[in-house]
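Take a look at the letters that make up each chain.
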Amino acid sequence: MASPDTGLAPDTAPDVALRHIVARCHNDLLKYRAIVLASRRPIGIHQTRVALRRLRAAFGLFKSAVDGPAVRALSAEARWLAGECGPARDLHVFMTESVLDAPPTVKRIANRLLQAHFERARAALAGARFDGFDAQLEAFIALPPDDSDQRLDRFARRVLQDRHHKVARRGRKLDALDAERLHRLRIAVKKLRYAADFLQPAFAPSPLARAQAKAYIEATTRLQGALGALNDRTMAEHMLADLATAARPNEDVASALKVLAKQVSGGDKRRRRKLGDAWKSFGKAECFWQAQAPVAPRVAPPPSSGSDARLEATGAARQRRIEE
């Protein structure tokens with residue numbers, strides 16, 4: 001029996017499942033795009049980008065079952081649109097979550113730059129290229145089912161197992177990973193979380209299965225958030241460079257940017273400690289897709305290192321990292 005929320009069931013064909021997921025992402029995209037075009041409310045640009053990234057994640061997840069030029073073209077367009085929305089989102093996050101008490105001159109430069117970034121995003125979301133993308137998405141969603149005997153549960157079990165093991169490999173010797181390897185781990189964890197979220201309905205909805213899936217997704221979400229906190233520091237360095245470049249000749253912000261740079265560079269030990277704790281929690285989570293099959297190996301803990309409503313608020317950092 002299909003889930004009333006997702007329309008998916010264990011015996012749903014993968015191509016049908018993908019179209020259900022794409023339809024949900026498409027609805028979210030249209031909802032938040034309308035906010036971007038009508039205002040500068042941060043939730044609009046944040047959630048538009050999330051919807052686009054979820055679309056790309058869905059196409060990538062089902063690539064082995066549903067592929068072809070049309071799917072690849074849709075994924076590429078979603079990537080381009082997300083890139084056009086990225087600068088506005090990143091600068092807003094920096095100014096509201098990464099730094100405190102930015103001087104008036106820096107705020108003035110940031111507001112000027114943010115306006116330019118928003119106009120760039122609006123131009124992309126209101127243009128003919130978006131209209132073409134939207135029409136192609138609707139056509140894809142309306143396609144008839146393939147003639148296939150594949151089942152979603154079998155497909156999901158294989159994909160989730162592969163992605164889980166990839167995270168386990170990338171997270172070995174966690175304390176020794178540099179920024180680039182941590183970034184790769186974050187991307188692998190994000191793909192795993194999307195996969196678990198999308199594919200959870202493929203398994204029998206028993207109380208035990210629901211509890212295991214919930215615990216696994218929560219652990220993966222926490223791990224992604226901890227990795228996102230480290231990534232925010234790297235992003236902050238880019239934002240400081242952009243602000244310096246955007247300053248006018250009569251705007252002397254060198255000393256102010258140095259103070260902000262010191263702010264964003266602190267707290268590394270705390271972030272690393274939270275990452276270690278999140279990794280241990282992830283390692284203890286049961287692989288819910290293996291409830292009636294051999295359980296996937298758990299992730300070994302790392303060596304100890306010293307043992308839609310309120311996203312506009314500055315306290316939305318954790319939720320933002322989870323969604324992106």
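In what follows, the structure referred to is the one given above.
Anyway, here's the lowdown on the structure attached to this text. The structure displayed is predicted, hence computed values, not measured ones.

1. As for the overall build of the protein chain
- Counting secondary structure elements, the protein chain contains eleven helices and zero strands.
- For the protein chain, buried positions account for 49% of its 324 residues.
- Total accessible area computed for the protein chain in this model is approximately 16,000 Å², and 52% of it derives from carbon and sulfur atoms.

2. Focus: helix α10 (residues 268-284)
- With 17 residues, α10 ought to run about 24 Å at 1.5 Å a step, and its terminal C-alpha atoms sit 25 Å apart, in line with that.
- Listed in full, the buried residues belonging to α10 are R271, L275, G276, A278, W279, F282 and G283.
- Contacts made by the buried residues of α10 are with α6 (152-170), α7 (179-199), α8 (207-246) and α9 (254-265).

3. Details of the environment of R40
- Looking at where R40 falls in the secondary structure, it is placed in the loop between α1 (14-38) and α2 (42-61).
- For R40, a relative accessible area of 34% corresponds to the partly exposed category.
- It is 10.0 Å that separates the C-alpha atoms of R40 and A88, two residues lying 48 residues apart in sequence.
- Among residues more than four places away in sequence, those in contact with R40 are N111, L114, Q115, F118 and R122.

4. A short note on unusual backbone geometry
- One non-glycine residue, D101, adopts positive backbone phi at about 55°.
- Residue class for D101 comes out exposed when judged on its relative accessible area of 74%.

5. Describing the pattern of salt bridges
- As enumerated under the stated definition, the model contains 14 salt bridges in all.
- Here R19 ties to D15 by a salt bridge, and the two come within 3.0 Å at their closest N and O atoms. Note that R19 and D15 are positioned in helix α1 at a spacing of four residues, about one turn of the helix. Exposure class is identical for R19 and D15. Each is buried.
- Shared partners join several salt bridges into a network, and the residues in it are R108, R112 and E251.

6. Remarks on the environment of A196
- Secondary-structure assignment places A196 in helix α7.
- Judged by relative accessible area, A196 falls into the buried class, the value being 1%.
- As for A196 and A156, which are separated by 40 residues in sequence, their C-alpha atoms are 8.6 Å apart.
- Every residue in contact with A196, bar those within four places of it in the chain, is listed here: L160, Y216, I217 and F288.

7. Some words on the nonpolar core
- Among the nonpolar cores identified, the biggest contains 88 residues, and F94 and F133 are the most heavily contacted of them.
- Examining the composition of this core, we find that twelve residues originate from one element, α8, more than from any other.
- Beyond its immediate stretch of four places on either side in the chain, F133 contacts L29, L52, L55, L74, E77, A78 and L81.

8. A closer look at α2
- Here α2 is 20 residues long and its end C-alpha atoms lie 28 Å apart, about the 28 Å a rise of 1.5 Å per residue gives.
- Within α2, 18 of the 20 residues are buried, which leaves the element mostly enclosed by the surrounding structure.

9. Some points on the packing of helix α3 (residues 69-98) against helix α5 (residues 128-141)
- Across the interface, α3 lies against α5 with an axial gap of 10 Å and an inter-helix angle of 140°. The angle between α3 and α5 falls in the class oblique. Relative to α5, the crossing made by α3 is left-handed. Between α3 and α5, the contacting residues are V71, L74, E77, A78, W80 and L81 on the first element and R129, F130, F133, Q136, L137 and F140 on the second.
- In the contact of α3 with α5, the residues fall into nine nonpolar, one polar and two charged.

10. Quick notes on the packing of aromatic side chains
- Considering all chains together, one arrives at ten aromatic pairs under this definition.
- An angle of 90° between the planes, with centres 5.1 Å apart, marks the rings of Y216 and W289 as edge-to-face. Residue Y216 is found in helix α8, and its partner W289 is found in the loop between α10 and α11 (317-323); the two are separated by 73 residues along the sequence.
- Taking the relative accessible area as the measure of exposure, Y216 reaches 0% and is therefore buried.
- Residue W289 is classed as buried on the basis of its relative accessible area of 0%.
- One aromatic cluster is present, formed by F203, Y216, W279, F282, F288 and W289 through successive ring pairs.
- Above the ring of F140, the side-chain terminus of R19 is found at 4.9 Å from the ring centroid.
- In this structure, R193 is placed above the aromatic ring of Y194, and the distance from its NZ or CZ to the ring centre is 5.0 Å.

Reading guide: rules and limits
- Residues numbered from 1 in each chain as written.
- Predicted model: local features only at pLDDT ≥ 70, side-chain atom pairs only at ≥ 80, totals over all residues.
- Heavy atoms only, no water.
- Helix = DSSP H or I, 4+ residues; strand = E, 2+ residues; numbered from the N terminus.
- Buried < 20%, exposed > 50% of the residue type's maximum accessible area, 1.4 Å probe, protein only.
- Areas by Shrake-Rupley, 256 points an atom, 1.4 Å probe, with all protein chains shown as cover.
- Expected span 1.5 Å × (residues − 1).
- Contact = heavy atoms within 4.5 Å.
- Salt bridge = Lys/Arg side-chain N within 4 Å of Asp/Glu carboxyl O.
- Core = buried A, V, L, I, M, F, W, Y, C linked by side-chain atoms within 4.5 Å.
- Axes fitted to C-alpha atoms, helices over the stretch in contact; angles between N-to-C directions.
- Parallel < 35°, antiparallel > 145°, perpendicular 65-115°, else oblique.
- Left-handed = near helix turned anticlockwise from the far one by under 90°.
- Nonpolar A, V, L, I, M, F, W, Y, C, P; charged D, E, K, R; others polar.
- Phe/Tyr/Trp six-rings, centres within 6.5 Å; stacked < 30°, edge-to-face > 60°.
- Lys NZ or Arg CZ within 6 Å of the ring centre and 35° of its normal.

Everything listed here is a matter of coordinates, which is why it stays silent on function.
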